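Chain residues, written in single-letter form:
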Amino acid sequence: MRDKQENNNNSDAVVVRLNETARNEAQSILCHAYREDPTFQYLFDHRRAGYDQRVRATVRELIDLYLELNQDAVGVMKGDTLIAVAFIGDPELRMNLAEQLSWRIRMVLTAGFASTRRYLDYHQKIRDLLPHPQAHQLPLMGVNPKYQNQGYGRVLLKAVEKLCEENPRGKGLVLDTGNSRYLPFYESEGFRSLGKIRLGDFEDHVLFREIGSEASDARNEATPH
């Protein structure tokens, strides 16, 4: 079962820790979130037949991999409905997907060789931009489309940041997005650019935010009172 973690600033939202029982709900949310994502559309060739199947396969295999590796996952619930999820990579994991043989085999069988190769190349470029070993990574994050633009994404990200702060081994959080309209949101949360990855005719943005009391103090001082 999921374990309730705490209430948050949104009175109708509850942050929960997730385990394997939430796999199907998490997969549904993330598939909807990434289907329209420019990065996924490029990596898994949305112009070719079977795109939705490749997205589902990739999300499923990534969820299974992170659960197998006992990585943290958090969600936001509204009533009895899971509406947002995030999977967090431990700072000491610094995972190289190319070394995950069983995952690579499953990906090739379900998403295809070309898509798997592009995804591995893209993942390596992100790893090359990581600022230092002690950084959490946020490989999967999404909000149910019905609940977007209502503040739940911020609730989810705050929950991720709080969990990262509780891990003394990590000093920062890395995420990426191919959708530039999300940049103002991430910048308002204290993220800064680590670099860009060219994907066809657009760029994927890799972002970093320091985690810890010093980073929180700096943000508070910068916030107008």
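Everything below is about the structure shown above.
Residues numbered from 1 in each chain as written. Predicted model: local features only at pLDDT ≥ 70, side-chain atom pairs only at ≥ 80, totals over all residues. Heavy atoms only, no water.

Looking at helix 3 (residues 51–68)
Heads up, the condition is: Labels follow the DSSP assignment, with helices taken as runs of H or I lasting at least four residues and strands as runs of E lasting at least two, numbered in each case from the N terminus. Helices are assigned an expected span. That span is 1.5 Å times one less than the residue count. Only protein chains enter the area calculation, which uses a 1.4 Å probe; residues under 20% of their type maximum are buried, those over 50% are exposed, and those in between are partly exposed.
A rise of 1.5 Å per residue sets the reference length of helix 3, with its 18 residues, at 26 Å; its end C-alpha atoms lie 26 Å apart and thus fit the reference within 8%. Summarising burial for helix 3: 13 of the 18 residues are buried, a large majority. Two residues or fewer after helix 3 comes Asn70, characterised by a positive phi angle close to 60 degrees.

Some remarks on the side chain of Asp37
We apply this condition: Here the positive residues are Lys and Arg and the negative ones are Asp and Glu; neither His nor the chain ends is included. Any Lys or Arg side-chain nitrogen located within 4 Å of an Asp or Glu carboxyl oxygen qualifies as a salt bridge. N or O atoms within 3.5 Å of each other form a polar contact, as long as, within protein, one can give a hydrogen and the other can take it, and as long as residues adjacent in sequence are counted only when both atoms are side-chain atoms. Note on contacts: a residue pair qualifies if any of its non-hydrogen atoms lie within 4.5 Å across the two residues.
Structurally, the position occupied by Asp37 is in the loop between helix 1 (23–35) and helix 2 (38–43). The buried charged residue Asp37 lacks any salt bridge partner; its closest oppositely charged side chain belongs to Arg181, at an N-O distance of 8.8 Å. Within polar-contact distance, the side chain of Asp37 engages the backbone nitrogen of Phe40 at 3.1 Å. When sequence neighbours within four positions are dropped, the list of residues in contact with Asp37 reads Tyr51 and Gly178.

With respect to the environment of Val155
By the secondary structure assignment, Val155 is in helix 6 (residues 152–165). In the structure, Val155 is positioned 140 residues away from Val15 in sequence and 8.1 Å away in space, judged by C-alpha atoms.

Some words on the pattern of salt bridges
Evaluated as defined, the whole model comprises 16 salt bridges. Note that Arg48 is salt-bridged to Asp45, the shortest N-O span being 3.6 Å.

Considering the nonpolar core
Stated precisely, the cut-off is as follows: Among buried residues, the Ala, Val, Leu, Ile, Met, Phe, Trp, Tyr and Cys ones that are joined through side-chain atoms within 4.5 Å form a nonpolar core.
Ranked by size, the top nonpolar core spans 43 residues in total, and within it Leu30, Ile63, Leu82, Phe87, Trp103 and Tyr119 carry the most contacts. Not counting residues up to four positions away in its chain, the partners in contact with Phe87 are Ala26, Leu30, Ile63, Tyr66, Leu67, Asp72, Ala73, Gln137, Leu138, Pro139 and Leu140. Counting 27 residues, the second largest nonpolar core, distinct from the first, contains Val76, Tyr152, Cys164 and Ile211.

Any link to function would need more than the numbers given here.
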